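Per-entry structural report
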Amino acid sequence: MFQTTTTNDENSDFPTAEGDPNTGPIGTWTHLVAAYRAPIAGKSGTGSMALYQNGTLMGTATNLSPQYDSSMPLTIGGCVNSAAATSPYLAFPGSVADLHVYPRTLSATEVGALH
């Protein structure tokens, strides 16, 4: 699941790109890529979210009003919606390794080459 938020409060919408939860077998490493193209006024195809699993597009969503709060951490494997939070909730019960963050949205071809 790749989820974003539209506000920094309990009334937020949570646009979510997700795949089939039964496609990541327990005990097997799965390569995930979450890609987000920030919204640009008047430009189609922006505000798009995509989730890839092992190089295959699994789900998409749109968030045209993303919330960005620089006081909040980038959270992988759980949710943090308060600057006072000391640990994420809904935490992923597995391991995360070899994490990369890119300063731009990767194309589907680039995502496929990573896997």
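This structure is a prediction, so every number in the text was calculated from the model and none was measured.

Nonpolar side chains collect at one region of the surface, where Leu74, Ile76, Phe92, Val96, Leu99 and Val101 lie side by side and expose about 630 Å² of accessible area between them. Inspection of the secondary structure assignment puts Val96 in the loop between β5 (56-62) and α1 (108-114).

Let us now look at the side chain of Thr4. Tracing the sequence through the fold places Thr4 in the loop between β1 (2-3) and β2 (16-17). Of the residues examined, Thr4 reaches a relative accessible area of 18% and is grouped as buried. A polar side-chain atom of Thr4 sits 2.8 Å from a polar atom in the side chain of Asn63. Contacts of Thr4, omitting those with residues within four sequence positions, involve Asp13, Phe14, Pro15, Met49 and Asn63.

Criteria and thresholds
- Residues numbered from 1 in each chain as written.
- Predicted model: local features only at pLDDT ≥ 70, side-chain atom pairs only at ≥ 80, totals over all residues.
- Heavy atoms only, no water.
- Patch = residues over 30% accessible without salt bridge, like charges linked within 9 Å, V, L, I, M, F, W, Y side chains within 5 Å.
- Areas by Shrake-Rupley, 256 points an atom, 1.4 Å probe, with all protein chains shown as cover.
- Salt bridge = Lys/Arg side-chain N within 4 Å of Asp/Glu carboxyl O.
- Helix = DSSP H or I, 4+ residues; strand = E, 2+ residues; numbered from the N terminus.
- Buried < 20%, exposed > 50% of the residue type's maximum accessible area, 1.4 Å probe, protein only.
- Polar contact = N/O pair within 3.5 Å; in protein donor to acceptor, adjacent residues only side chain to side chain.
- Contact = heavy atoms within 4.5 Å.

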